[in-house]
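Read off the chains here:
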Amino acid sequence: MQVALVGVNGYSGMTLYRLLKQHPAVDQIKLYGHTDSKPTTLAALVPVFQKETVRVRSFDAATVMAENDVVFFATSAGVTKTLALPLIAANFPVIDLSGDFRLRQPDVYETWYHQTAAPVAALAKASYGLAEFNHHLTPYVANPGCYATATLLGLAPVVQQHLIEPTSIVVDAKSGLSGAGKKLSTTSQFTMVNDNLQLYKLNQHQHIPEIMQQLQQWWPKVPALEFTTTLIPVTCGIMSTIYAKAAQPTTTAELVAAYQQVYQDQPFVQVLPADDLPTLKQVVGSNDCAIGVNYNPITNTILIVSVIDNLMKGAAGQAVQNFNQLFQYPATAGLPDLPVFP
Ligand SMILES: NC(=O)C1=CN([C@@H]2O[C@H](COP(=O)(O)OP(=O)(O)OC[C@H]3O[C@@H](n4cnc5c(N)ncnc54)[C@H](OP(=O)(O)O)[C@@H]3O)[C@@H](O)[C@H]2O)C=CC1
Ligand SMILES: CC(=O)N[C@@H](CCC(=O)OP(=O)(O)O)C(=O)O
C-alpha cells in the first residue's frame, strides 16, 4: 500500500507519520506540503525527526493520485475544501483530519468555522468517520474532531438508549496544548499555559455542531447541549466530563452494564467498573477511549467521564482506524496497545 500524507510537520501529521511507519500494510509513505512548497526533507521540517531523510514535495492532486493508493490530510481547517476537490471528483480514497467535511450543511460550517464551506456536491460525498459507530464509509472520510470523539463516545449509550433527559446534557471538556496545533499564540505561551487553566471559545466551539449532528442522528429529541472547553497544562489528553439528568432513577451498576454492552466488541473503548473513573494517563500514547460512569441518586444525575489522547484517538489514531476499516485491515493494525507511562 502506497500512502500519501499532507501536513506531516503539524502535530497530527507527525503522529500519523509515526503510526503509518509501523503499519503492517503500509509499504511506503510519500509526503507532500503546500502546492507551492520548495522540496525539502522531513528532518529539515521537523528537527526532532532528524533521522528521517524522506523527501517532502509540493502538493499536486494528479501526482498524489498517480503515486499512491490513499491520501491522509493532516492540514489546518480550510485547506481540504479546495485541495481535495480533484480527489473527491475522482473518488480517490481520502482520510481528512480537518473539520472541512464533517458538517453536512454548508451554512452550519460557515457559521462555526467563519469561512466559506466546500461545495455541496463535494460535501455529499463525504462520510463522518466516528470509527466505533460509522461503518459505511465512502472513499472520502471526514475524521472526527478530538473533543467530539471523546464526547460522542461518552454519550452514545445514554443517548441511543434514551437513558437521559435529552434537554439536560452539560459537557465540561478539557484539552492539553497539542490540541491547538503547533502555532504559537498569546494563550499558548508557556507563561499562560503553565500553572493555569483557560476557558475558551465559550458557546462558540466548532465541535458543538459536530456533536449535535451525530447526537440528533442517534436521537432527534436532543435539542442542544451545554459545552465548554478548557485548556489545561498538559501536552496531550482530553477529558470530557459529562452530566445529564437520568430519564428515570437508575444505578451505577445498570449504567456500567449498558456501556459494557454497547462497547463489548470495540477494542479501543474501555468501560471501567463501577466506582472507577479514568485518568488521562490511562490513555495518553494509546488509541484508547476510557469511560467511567456514576449515578448520583440525590440529584438524579448521571456523570460520564471520557478520556482520550487528542492526537491519537482524537486525530491520527482514529484516522488509522478509519484507514483499516476502509481497506478491511484488522481493526487494531498499526495501533499501539498500551499508553505511555510513566
Ligand atoms: N491537534 C489535535 O489534537 C487535533 C487536530 N485535528 C485537526 O487536524 C488538522 C491538523 O491539526 P494540527 O496537527 O493540530 O495542526 P498544526 O497547526 O500543528 O499543523 C497544520 C498542518 O497543516 C499544514 N498546512 C496548513 N496549510 C496548508 C496548505 N494550504 N497546504 C498544505 N498544508 C498546509 C501545515 O504545514 P505548514 O506548517 O508547512 O504550513 C501543518 O503541517 C487540523 O485540521 C485540526 O483541526 C483534529 C483532531 C485533533
Ligand atoms: C486545545 C485546542 O485549542 N484544541 C482545539 C481542537 C482543534 C480541533 O480538533 O479542531 P478541528 O475541529 O478544526 O479539527 C480547539 O479547541 O479548537
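Reading the values: rules and limits
- Residues numbered from 1 in each chain as written.
- Chains lettered and ligands numbered in written order.
- Predicted model: local features only at pLDDT ≥ 70, side-chain atom pairs only at ≥ 80, totals over all residues.
- Heavy atoms only, no water.
- Near = heavy atom within 4 Å.
- Polar contact = N/O pair within 3.5 Å; in protein donor to acceptor, adjacent residues only side chain to side chain.
- Areas by Shrake-Rupley, 256 points an atom, 1.4 Å probe, with all protein chains shown as cover.
- Nonpolar A, V, L, I, M, F, W, Y, C, P; charged D, E, K, R; others polar.
- Helix = DSSP H or I, 4+ residues; strand = E, 2+ residues; numbered from the N terminus.
- Buried < 20%, exposed > 50% of the residue type's maximum accessible area, 1.4 Å probe, protein only.

(A) Structural view of the site of ligand 2. Residues in contact with ligand 2 amount to 14 residues; listed here are only the nearest, Arg102, Tyr200, Lys201, His205 and His207. In the environment of ligand 2, an oxygen atom lies 2.6 Å from a nitrogen or oxygen atom belonging to the side chain of lysine 201. A distance of 2.6 Å separates an oxygen atom of ligand 2 from a polar side-chain atom of histidine 207. Expressed as a share of its isolated accessible area of 430 Å², the protein-covered part of ligand 2 is 84%. Taken together, the residues of the shell around ligand 2 break down into six nonpolar, six polar and two charged.

(B) Region of the structure containing unusual backbone geometry. Note that the residue after phenylalanine 341, namely proline 342, is joined by a cis bond; omega there is 0 degrees. Among the structural elements, proline 342 can be located in the segment after helix H12 (312–326). In this structure, asparagine 203 is a non-glycine residue whose phi angle is positive, near 60 degrees. Mapped onto the elements, asparagine 203 comes out in the loop between strand S10 (198–200) and helix H10 (207–218). Take asparagine 203: its relative accessible area is 46%, and that puts it in the partly exposed class. Despite not being glycine, asparagine 300 has its phi angle at roughly 55 degrees, a positive value. Structurally, asparagine 300 can be placed in the loop between strand S14 (289–296) and strand S15 (301–308). Residue classification places asparagine 300 among the partly exposed positions, given a relative accessible area of 23%.

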